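# Summary of the model geometry
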Amino acid sequence: MRAVTVTPGVPNSLRLADDHPEPLAEEGAILVEALAVGICGTDHEIVAGDYGEAPPGASALVLGHESLGRVLEDPSGTLQPGDLVAGIVRHPDPVPCPNCAVGEWDMCRNGEYTEHGIKALPGFARDRWRVQPRFAVGLDPALAPVGMLLEPASVVAKAWDHIERIGTRAEWQPQTVLVTGAGPIGLLAALLATQRGLSVHVLDRATTGPKPGLVRALGATYHTEPVGQVDLDPDVVVECTGAPVVVLDAMCKAGPAGVVCLTGVSPGRTIDFDAGALNRELVLENNVVFGSVNANRRHWDLAAEALAQADLAWLASLITRRVPVGAYAEAYTPTADDIKVVLDFTT
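Below is a short write-up of the structure. (Residues numbered from 1 in each chain as written. Predicted model: local features only at pLDDT ≥ 70, side-chain atom pairs only at ≥ 80, totals over all residues. Heavy atoms only, no water.)

### Quick look at the nonpolar core
Counting residues in each nonpolar core, the largest one holds 93 residues, and the members touching the most others are Trp160, Leu315, Tyr332 and Leu343. Excluding its chain neighbours within four sequence positions, the residues that come into contact with Trp160 are Val177, Ala189, Leu192, Ala193, Arg196, Leu198, Val236 and Val238. Core analysis: the second largest hydrophobic core is formed by 15 residues, Leu203, Met251, Leu262 and Leu282 among them. (Core = buried A, V, L, I, M, F, W, Y, C linked by side-chain atoms within 4.5 Å. Buried < 20%, exposed > 50% of the residue type's maximum accessible area, 1.4 Å probe, protein only. Contact = heavy atoms within 4.5 Å.)

The structure is reproduced here in structure tokens:
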């Protein structure tokens, strides 16, 4: 069986194993044939040796957390053979912490959670994988070309869930949203914003390539100027770049009683800024800034509904490269024009 693996902590140890063992029954009752996995910045960082953790007793970690597969067998009756399925990435910690105990494992308090393809669980970049029924998300058959977008969409669904929860602290009638960054997370954040009937603005540095057209196809407005120069006082800001200067500008950009959701992970970099001015702005405007990462089962289900309602051609346009498994090294080498790269297990 083929599997894309790394040795965690060892830079550039990426390899395609042709003799990887079949998935163990203890991994889950549902046996799945892999169709594709999406590749994101997290994968690139693991390949670079920045982090990643192999399963207990193993030296290699199978990559792949943005999954799409087809059910081969499910003795639990949760799904049927032939059904499209994605596997939820994070599993709750075994203690469990108060949040994991009630299914909110995305908000784990003690950090003992595990994650497929990232932390102590084998990923989905292998010909066959298993999943427990409660971590299997069925997909509309029409999503077969794009179902690997479910994982990033779940991250966005959680962000919007929390934005809306925070918004209800007062009379909540949002009209405008600014999304910074037009990568997969930013574009999907804009998609879910348009599905909510909001006036959507997306900011990115790219002036060529597919991003401007993808934004405009949503009926949204595309910006390339610095955040501070955007003529807008948005009710919601969703920050998806992690770029320190953009993050700070985004925190200052929201209108009165606005909500700023930070989804991008910043690199280690020190910049000078006026913390007092930022504090004054947030306090006097009753603004909220919060971070959001990962997702629980509720968010995965919400994301599946959002993708099923979206324009399939638009979703397909997010995938800028489909690479066969045999060319795996090419798939994990980013290029300037990439939005979403997909490793195809069907070829």
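### Focus on the side chain of Asn287
Its place among the elements puts Asn287 in the loop between α7 (275-284) and β17 (288-291). By relative accessible area, which is 11% here, Asn287 ends up buried. Look past the residues within four positions of Asn287 in its chain and what remains in contact with it is Arg169, Ala254, Gly255, Pro256, Ala257, Gly258 and Leu282. (Helix = DSSP H or I, 4+ residues; strand = E, 2+ residues; numbered from the N terminus.)

### Describing the pattern of salt bridges
Counting across every chain of the model gives 14 salt bridges. A salt bridge links Glu73 to Arg130, with the shortest nitrogen-to-oxygen separation between them at 3.7 Å. One end of the pair, Glu73, is in strand β5 (residues 66-73); the other, Arg130, is in strand β10 (residues 128-131), and 57 residues separate them in sequence. The salt bridge partner of Asp161 is Arg298, with a shortest N-O separation of 2.9 Å. Of this pair, Asp161 sits in helix α3 (residues 150-167) while Arg298 sits in helix α8 (residues 297-309); the two residues are 137 residues apart in sequence, bridging distant segments of the chain. Owing to a relative accessible area of 13%, Asp161 belongs among the buried residues under this scheme. Taken together, the salt bridges that share partners define one network made up of Glu104, Asp161, Arg165 and Arg298. (Salt bridge = Lys/Arg side-chain N within 4 Å of Asp/Glu carboxyl O.)

### Brief notes about the sheet that holds strand β12 (residues 176-180)
Across the sheet, six strands lie side by side as β14-β13-β12-β15-β16-β17; this open sheet has parallel pairing. Two strands in the sheet have a free side with no partner beyond their single neighbour: β14 (221-223) and β17. Taken pair by pair, the neighbouring strands of this sheet meet at an average axis angle of 15°, ignoring direction. Lying on the sheet, α3 is in contact with β12, β15 (236-239), β16 (259-262) and β17; it crosses β17 at an angle near 150°. (Pairing = 2+ DSSP bridges. Axes fitted to C-alpha atoms, helices over the stretch in contact; angles between N-to-C directions.)

### So, the sheet that holds strand β7 (residues 90-91)
Reading across the sheet, the three strands line up as β7-β8-β9 and stay open at both edges, with mixed pairing between neighbours. Every interior strand has two partners, whereas the edge strands, β7 and β9 (120-121), have only one. Sheet topology note: the β7/strand β8 (residues 114-116) ladder contains two bridges and is antiparallel. Counterpart to Arg90 in the pairing with β8 is Glu115.

### Considerations on the environment of Glu330
Along the chain, Glu330 falls in helix α10 (residues 328-331). For Glu330, a relative accessible area of 47% gives the class partly exposed. Leave out the neighbours within four places in its chain, and Glu330 touches Arg321 and Val323.

### Here we look at the pairing of β15
In β15, alternate side chains face the same way, and those of Val236 and Val238 on one face and Val237 and Glu239 on the other are all buried. Bridge count for β12 against β15 is four bridges, and the pairing is parallel. By the bridge assignment, Val179 is partnered in β15 with Val238. Direction of pairing for β15 relative to β16: parallel, over a ladder of four bridges. Its bridge partner lying in β16, Glu239 is registered against Leu262. Handedness of the β-α-β unit built from β15, helix α6 (residues 244-253) and β16 comes out right-handed. (Right-handed = clockwise from strand over helix to strand, strands pointing away.)

### Digging into α8
Think of an α-helix as turning once every 3.6 residues; residues three or four places apart then point the same way. Under the 1.5 Å per step criterion, the end-to-end length of α8 is 19 Å for 13 residues, consistent within 8% with the ideal 18 Å. When we look at burial in α8, the residues that qualify are His299, Trp300, Ala303, Ala304, Ala306 and Leu307. Looking down the long axis of α8, one finds its buried residues gathered within 165° of arc, a one-sided arrangement. At its buried positions, α8 is contacted by β6 (84-87), β11 (136-139), α3, α4 (184-195) and α9 (312-317). Where α8 begins, one side-chain oxygen reaches toward the backbone nitrogen of Arg298, 2.9 Å away; that side chain belongs to Asn296. (Expected span 1.5 Å × (residues − 1). Arc of directions from axis to C-beta. Polar contact = N/O pair within 3.5 Å; in protein donor to acceptor, adjacent residues only side chain to side chain.)

### Examining unusual backbone geometry
For residues besides glycine, phi is generally negative; the peptide bonds are generally trans as well. Between Val95 and Pro96 the backbone carries a cis peptide bond, its omega angle lying at -20°. Residue placement: Pro96 occurs in the loop between β7 and α2 (98-101). At Asn12, a position not held by glycine, the phi torsion is positive, near 55°. The topology assignment puts Asn12 in the loop between β1 (3-6) and β2 (15-17). Overall, the relative accessible area of 65% leaves Asn12 in the exposed class. At Ala120, a residue that is not glycine, the phi angle is positive and equals roughly 70°. Among the structural elements, Ala120 can be located in strand β9.

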